[in-house]
Amino acid sequence: LFLIYALKRAGLENIGKAIGELTTLGVFLSLLIYLLIFCIGTIKWSLVLRSEGYKIPLLKIISAKLSGFTVSYVTPFFYIGGEGVRAYVLKKQTNTPFGKGLASIISDKILTLIACGILFILGAFLLVFNANSFKGYLVAALMFLMSFSGFIFFYSMIKGKKKFFVGLLKILGLTRIRYLKRNEEKIHQIEEEVQTFFRDRPKQLTLGIILGCIKIFLSLV
């Protein structure tokens, strides 16, 4: 529905005109940059897997990632639709336990969120220097507040002994669902894996955040 509204608002003629104005060089560079973004994302995920002791050939990681992309692009949930497929394909191709693979994917996604938060703060700084109104300063302040609140929450979640996702499922009463109740221990183990990565692997964490920032910057390019 959002897509139909966007197409109607923009106008198919205007979209066709914009596509027609693309140069061959522009298309080539765009595809090249997108391919680079995909490669960096693959290396970032590989980094997480290696930190967990799984030295998987890059081609198999690419295969699993592309399988996840296929599902993500045909579902409304672009960023999370194919993640289970990624873990499943990885398990089938490399015998990596499904829970371990899923934990690595969650850690990979969180690295991207941290990179987004860092660039969000950078954007707030730039807004402060370029804002000429009270509204601009207010938006910058809200950006700072949201980013730092997110980082504090994430830090408390990683350092805390209580499991956030398991606790959230209990609060929402979702543990009454038979499947979730039966797999509560597995969810607990997955969250423990994620916490271990962010708590005990500073080198991989730092490199992962840097790769995440580069990936987002290339997306802007």
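Placed above this text is the structure.
This one's a predicted model, so the numbers in the text were calculated from it and none came from an experiment.

Participant: I'm lost on the overall build of the protein in this one. Help?
Facilitator: Within the protein one finds 11 helices and zero strands. Split into buried and exposed, the 221 residues of the protein put 33% on the buried side. The contacts in the protein between residues at least 6 apart in sequence include a share of 61% that link residues at least 24 apart. By element, 71% of the accessible surface of the protein is carried by carbon and sulfur atoms, the whole surface being about 15000 Å².

Participant: Would you mind going over the nonpolar core with me for this structure?
Facilitator: With 27 residues, the main nonpolar core has Trp 45, Leu 111, Phe 154 and Phe 198 as its most contacted residues. When residues of this core are traced back to their parent elements, those giving at least two are α3 (24–51), α4 (58–73), α5 (83–94), α6 (98–130), α7 (134–159), α10 (184–200) and α11 (202–220). In terms of residue count, α6 provides more of this core than any other element does, seven residues in total. In this view, Trp 45 contacts Ile 61, Ala 64, Lys 65, Arg 86, Leu 90, Ser 104, Ile 105 and Asp 108; residues no more than four positions away in its chain are not counted.

Participant: When you look at helix α1 (residues 2–10) in this model, what are you seeing that I'm missing?
Facilitator: Each full turn of the α-helix corresponds to 3.6 residues, which orients residues three or four apart in the same direction. For α1, the tally of buried residues reaches only zero of nine residues, placing the bulk of the element at the surface. Two residues or fewer past α1, Gly 11 is found with a positive phi of approximately 90°.

Participant: Is there a simple way to think about unusual backbone geometry in this case?
Facilitator: Glycine aside, negative phi is the norm for most residues, and most peptide bonds take the trans geometry. Even without glycine at this site, Asn 95 takes up a positive phi of about 65°. Relative to the assigned elements, Asn 95 resides in the loop between α5 and α6.

Participant: Whenever I open this one, a nonpolar patch on the surface confuses me. Can you help?
Facilitator: Judged by side-chain polarity, Leu 122, Phe 125, Leu 126, Val 128, Phe 129 and Tyr 137 come together as a nonpolar surface patch covering roughly 630 Å² of accessible area. Broken down by element, the residue count for the nonpolar patch peaks at five residues, all from α6. Within the secondary structure, Val 128 is located in helix α6. We classify Val 128 as partly exposed; its relative accessible area is 32%.

Participant: Honestly, a positive patch on the surface in this entry has me stumped. Any pointers?
Facilitator: On the surface, Lys 91, Lys 92, Arg 182 and Lys 186 cluster together to form a positively charged patch. As for its placement among the helices and strands, Lys 91 is situated in helix α5. Residue Lys 91 is classed as partly exposed on the basis of its relative accessible area, which comes to 41%.

Participant: Where do I start with the packing of aromatic side chains in this structure?
Facilitator: Two numbers describe a pair of aromatic rings. These are the distance of the centres and the angle of the planes. For the structure on display, the rule yields five aromatic pairs. Judged by centre distance (6.4 Å) and plane angle (15°), the rings of Phe 144 and Phe 148 are stacked. Highlighted residues: Phe 144 and Phe 148, both in helix α7, separated by four residues, approximately one helical turn. Taken together, a centroid distance of 5.0 Å and an interplanar angle of 90° make the contact between Phe 197 and Phe 198 edge-to-face. For Phe 197, a relative accessible area of 0% corresponds to the buried category. Within the aromatic cluster, the residues linked to one another by ring pairs are Phe 125, Phe 144 and Phe 148. Stacked on the ring of Trp 45, the Lys or Arg Arg 86 has its end atom at 4.1 Å from the ring centre.

Participant: What's the story with the pattern of salt bridges in this structure? I'm lost.
Facilitator: Pairing is possible between side chains that carry opposite charge, provided their charged atoms lie close to one another. As enumerated under the stated definition, the model contains seven salt bridges in all. Residue Glu 83 pairs with Arg 86 through a salt bridge whose shortest N-O separation is 2.7 Å. Note that Glu 83 and Arg 86 are positioned in helix α5 at a spacing of three residues, about one turn of the helix. Accessibility classification places Glu 83 together with Arg 86 in one group, the buried group. Note that Asp 108 and Arg 86 form a salt bridge whose closest N and O atoms lie 3.5 Å from each other. You can see Asp 108 sitting in helix α6 and its partner Arg 86 sitting in helix α5, a full 22 residues away along the chain. Judged by its relative accessible area of 4%, Asp 108 falls in the buried class.

Participant: How do you make sense of the packing of α3 against α11 when you look at a structure like this?
Facilitator: Geometry of a packed helix pair, given as the angle between the helix axes and the separation of the axes. Direction vectors running N to C along α3 and α11 enclose 165°, while the axes themselves pass 9 Å from each other. For the element pair α3 / α11, the angle class is roughly antiparallel. For the crossing formed where α3 meets α11, the hand is left-handed. Where α3 abuts α11, its residues Ile 33, Leu 36, Ile 37, Ile 40, Gly 41, Ile 43, Lys 44, Leu 47 and Ser 51 lie against Gln 204, Leu 207, Gly 208, Leu 211, Gly 212, Ile 214, Lys 215, Leu 218 and Ser 219. Of the residues assigned to the contact of α3 with α11, the class counts are 10 nonpolar, six polar and two charged.

Here is what the cut-offs are and how they apply
- Residues numbered from 1 in each chain as written.
- Predicted model: local features only at pLDDT ≥ 70, side-chain atom pairs only at ≥ 80, totals over all residues.
- Heavy atoms only, no water.
- Helix = DSSP H or I, 4+ residues; strand = E, 2+ residues; numbered from the N terminus.
- Buried < 20%, exposed > 50% of the residue type's maximum accessible area, 1.4 Å probe, protein only.
- Contact = heavy atoms within 4.5 Å.
- Areas by Shrake-Rupley, 256 points an atom, 1.4 Å probe, with all protein chains shown as cover.
- Core = buried A, V, L, I, M, F, W, Y, C linked by side-chain atoms within 4.5 Å.
- Patch = residues over 30% accessible without salt bridge, like charges linked within 9 Å, V, L, I, M, F, W, Y side chains within 5 Å.
- Salt bridge = Lys/Arg side-chain N within 4 Å of Asp/Glu carboxyl O.
- Lys, Arg positive; Asp, Glu negative; His and termini not counted.
- Charge placed at Lys NZ, Arg CZ, Asp CG, Glu CD.
- Phe/Tyr/Trp six-rings, centres within 6.5 Å; stacked < 30°, edge-to-face > 60°.
- Lys NZ or Arg CZ within 6 Å of the ring centre and 35° of its normal.
- Axes fitted to C-alpha atoms, helices over the stretch in contact; angles between N-to-C directions.
- Parallel < 35°, antiparallel > 145°, perpendicular 65-115°, else oblique.
- Left-handed = near helix turned anticlockwise from the far one by under 90°.
- Nonpolar A, V, L, I, M, F, W, Y, C, P; charged D, E, K, R; others polar.

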